[in-house]
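So you can see what is in the structure, the chains are spelled out below.
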Amino acid sequence: MLGVVRALGIRALDWLSTLGRATILWFNAMAGLPRWKDISLVIKQIYNVGFLSLVIIVLSAFSIGAVLALQFHTQLARFGAQEAVGVGLALVLLRELGPVVTALLFAGRAGSALTAEIGLMKTTEQLSSMEMMGVDPLRRIVAPRIWAGLLSVPLLTAIFNMVAIYGGVVVAIDWLGADPGGFWSGMQDGVELWEDLGKGMVKSVVFAALVTWVAVFQGYDCPPTAEGMSMATTRTVVISSVLILATDFLLTLVMYGDF
Amino acid sequence: MRMRTVEISVGAFVLAGIIALIFLAVQVSGINFDDTGKTYSVTARFDDIAGLRTRAKVSMAGVTIGRVSSIDVDMAWGEALVTLDILGEPGNLTTDTSAQILTEGILGARYVSLVPGGDEETLGDGDEITDTQGALVLENLIGEFVTNLGK
């Protein structure tokens, strides 16, 4: 009986200390303003996590927009309300699917790569040798990756939304023959700049912070073995996906909840 | 040379993101800059507003001329006190303008429809529209229909 209590206590303390180390890592990396001579490091990372994620973002966005338009159209056509396809599509994308799916794809495409990269640097003792040379690996390796994630994810979300709406246009207007006038004017009537677009962008910034934080911490904290690295990469994707979905519910509750 | 390709790609990526944001703001959310024109407010009392929301349209002859800015209740009289923001300067509505709450389509959103009267005097900022007709409530209609059937 006492053993169970002790085991639970050890697990809880382990978990707390992990959270503590992650928080310390975040503050040490982000302490102080970004130094302008580090900007080229950030640009390199935006290329890695942002530009190289474009292909998967654009392809998924187009398919998701097309499938949403198809589903909305077939259901709404039964009530003769095809004009509502545009506004439904835009609201679902801007408020929920855009930020969430982009963040999930980002966690899978870029988050796992960040963890593997930093984990390998740690395993091959590149991080310790940097420290020996008097270079702070947190500011040189971790901080540029966090900044790059914070900048890239909102931009990717905007691109995702645009491409997905275009995918919806292709299906609803060009293929199923919905009326373009009703489609666009319904959308412009129902969508508000801050309420829908702005709040969706706020969500995507929060998700970006979560995913990059989990990814760099898992890489930085992984046991320096091949097995430890593979586990850390898996954990990055699992933890950040769950965090994204749970946080999305909380954010939606706070932003749109009517209570 | 390698760094230059990276820089150009990142530049293109950021540009694409900004274009996407502008597209979403202009084409999707449809901001228009003359929407911030001057408005003045008039109030109207209704016996039942049945689902009218703030920011609902105020229209005349089907054209949007304003928005509902606030909805309060007057407990003493049991009436809804609705404030309407009308576009333009005071002086474009006659004092005997009538207001009616209608529905877009069968299941659509409620909106306020204004019909101008023939008076020469006009409503100023903060004046009240006295000639109002509340929303038709389906339950009341059915109730009346059933009582009439029994006669």
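Every chain begins its residue count from 1, and numbering advances along the sequence as written. As they are written, the chains are lettered A onward and the ligands numbered 1 onward, keeping that order. In view of the model being predicted, local features appear only for residues whose pLDDT reaches at least 70, and side-chain atom pairs are presented and counted only at 80 or more, with totals across whole chains, interfaces and linings using the full set of residues. Side-chain figures throughout are based on the complete set of non-hydrogen atoms in the structure, without hydrogens or water.

**Concerning the packing of aromatic side chains**
Residues and elements named next belong to chain A. Aromatic contacts are taken between Phe, Tyr and Trp rings whose centres are within 6.5 Å, Trp giving its six-membered ring; a plane angle under 30 degrees counts as stacked, one over 60 as edge-to-face, and the others as tilted. If you walk through the whole model with that rule in mind, you get four aromatic pairs over all chains. Ring centres of Y47 and F51 lie 5.4 Å apart, and the angle between their planes is 15°; this geometry places the pair in the stacked category. Put simply, a charge is over a ring when the Lys NZ or the Arg CZ is close to the ring centre, within 6 Å, and near the line of the ring normal, within 35 degrees. Taking the ring centre of Y256 as reference, the NZ or CZ of R95 above it sits at 4.2 Å.

**Considerations on the packing of helix α3 (residues 54–76) of chain A against helix α6 (residues 137–175) of chain A**
All names here are of chain A. The convention used is that axes are lines fitted to C-alpha atoms, helices contributing only their stretch in contact, and that angles between N-to-C directions extend from 0 to 180 degrees. Every helix listed is a DSSP run of H or I at least four residues long, and every strand listed is a run of E at least two residues long, numbered separately from the N terminus. Packing of α3 against α6 leaves a shortest axis separation of 7 Å and a crossing angle of 40°. The pairing of α3 with α6 is recorded here as oblique in orientation. Crossing handedness for the pair α3 and α6: right-handed. For the pair α3 and α6, the contacting residues are L54, I57, V58, S60, A61, F62, I64, G65, A66, A69 and L70 in the first and L156, I159, F160, V163, A164, Y166, G167, G168, V170, V171, A172 and W175 in the second. Residues of the contact of α3 with α6, tallied by class, amount to 19 nonpolar, four polar and no charged. Here is the rule for angles: anything less than 35 degrees is roughly parallel, anything more than 145 is roughly antiparallel, 65 through 115 is roughly perpendicular, and the remaining ranges are oblique. Rotating anticlockwise by less than a right angle from the far helix to the near helix defines a left-handed crossing, while the corresponding clockwise rotation defines a right-handed one. Only heavy atoms enter the contact rule, under which two residues are in contact if any of them lie within 4.5 Å. The nonpolar class holds Ala, Val, Leu, Ile, Met, Phe, Trp, Tyr, Cys and Pro. Asp, Glu, Lys and Arg form the charged class, and all remaining residues, Gly among them, are polar.

**Examining a nonpolar patch on the surface**
For patches, a residue must show more than 30% relative accessible area and have no salt bridge; joins then use 9 Å for like charges and 5 Å for nonpolar side chains, namely Val, Leu, Ile, Met, Phe, Trp and Tyr. Residue-level accessible areas treat just the shown protein chains as cover; the underlying method is Shrake-Rupley with a 1.4 Å probe. In the sections that follow, a salt bridge refers to a side-chain nitrogen of Lys or Arg positioned within 4 Å of a carboxyl oxygen of Asp or Glu. Side chains of L136, L138, L141, I142, F145, V146 and L149 of chain B sit close together on the surface and give an oily, nonpolar patch of about 740 Å² of accessible area. Within the element layout of this structure, V146 of chain B appears in helix α2 (residues 138–150).

**What about the domain arrangement of chain B?**
Residue ranges assigned to each domain were obtained from an automatic or database domain assignment. The assigned domain composition of chain B is domain 1 (1–31) and domain 2 (36–137). Placing a centre on the C-alpha atoms of domain 1 of chain B and another on those of domain 2 of chain B gives a separation of 43 Å.

**What to know about a negative patch on the surface**
Together, D96, D119, E120, E121 and D131 of chain B make up a negatively charged patch on the protein surface. Assignment of secondary structure puts D131 of chain B in strand β8 (residues 131–133). Charge convention: Lys and Arg are scored as positive, Asp and Glu as negative, and His as well as the terminal groups of each chain are ignored. To locate a charge, take NZ of a lysine, CZ of an arginine, CG of an aspartate or CD of a glutamate.

**Thoughts on the pattern of salt bridges**
It is possible for side chains bearing opposite charge to pair when their charged atoms get close. Applying the stated criterion to the full structure yields 10 salt bridges over all chains. The salt bridge partner of D248 of chain A is K203 of chain A, with a shortest N-O separation of 2.9 Å. Here D248 of chain A, found in helix α9 (residues 226–256), pairs with K203 of chain A, found in helix α8 (residues 193–221); they are 45 residues apart in sequence, far enough to count as distant. K38 of chain B serves as the salt-bridge partner of E89 of chain B, at 3.7 Å between the closest nitrogen and oxygen. Taken as a pair, E89 of chain B in the loop between β4 (79–87) and β5 (98–103) and K38 of chain B in the loop between α1 (2–28) and β1 (39–46) lie far apart in primary sequence, 51 residues in all. For every residue, the accessible area obtained with a 1.4 Å probe (protein chains only) is divided by the maximum for its type, and the residue is called buried under 20%, exposed over 50%, and partly exposed between those limits. What makes E89 of chain B partly exposed here is its relative accessible area of 48%. Put simply, R45, D74, E79 and E128 of chain B are held in one network by salt bridges that share partners.

**Considering the sheet that holds β8 of chain B**
Residue and element names in this part refer to chain B. In this scheme, strands are said to pair when DSSP sees at least two bridges between them. Read across the sheet, eight strands follow the order β7-β1-β4-β3-β2-β6-β5-β8 without closing on themselves; strand pairing throughout is mixed. Both edges of this open sheet fall to β7 (128–129) and β8, since each of them pairs with a single strand only. In the sheet, strand β2 (residues 57–60) pairs with strand β6 (residues 110–115) via two bridges, with the strands oriented parallel. Residue pairing in the sheet places V58 in a bridge with V112 of β6.

**Re the confidence of the model for chain B**
Per-residue confidence for chain B averages 84 on the pLDDT scale, and 94% of its residues sit at or above 70. As a per-residue measure, pLDDT tells how confident the predictor is, with possible values from 0 to 100. Per-element confidence in chain B ranges from a low mean pLDDT of 85 for α2 of chain B to a high of 90 for α1 of chain B.

**Notes on the interface of chain B and chain A**
Each side of the interface is counted separately: chain B has 23 residues, and chain A has 26 residues. By buried area we mean the combined loss of accessible area, with a 1.4 Å probe, across both parts when two parts are placed together. Across the chain B to chain A interface the summed buried area is about 2,100 Å²; carbon plus sulfur atoms make up 82%. Contacts described as polar in this section are N or O atom pairs within 3.5 Å, which, within protein, must combine one atom able to donate a hydrogen with one able to accept it, while residues neighboring in sequence count only if both atoms come from side chains. Along the contact surface separating chain B from chain A lie one residue pair in polar contact (both at pLDDT 80 or more). Its residues assigned to classes, the side of chain B that touches chain A comprises 15 nonpolar, five polar and three charged.

**Some points on the nonpolar core**
The criterion is simple. A nonpolar core is a set of buried Ala, Val, Leu, Ile, Met, Phe, Trp, Tyr and Cys residues joined through side-chain atoms within 4.5 Å. By size, the foremost hydrophobic cluster in this structure holds 74 residues, and its most contacted members are I165, F183 and M187 of chain A together with V28 of chain B. Element by element, the count of residues in this core is highest for α6 of chain A, at 20 residues. Aside from chain neighbours lying at most four places away, what touches M187 of chain A is G86, V87, A90 and I165 of chain A together with V28 of chain B. Within the second largest apolar cluster, 22 residues are counted, among which are A56, V58, A80 and L114 of chain B.

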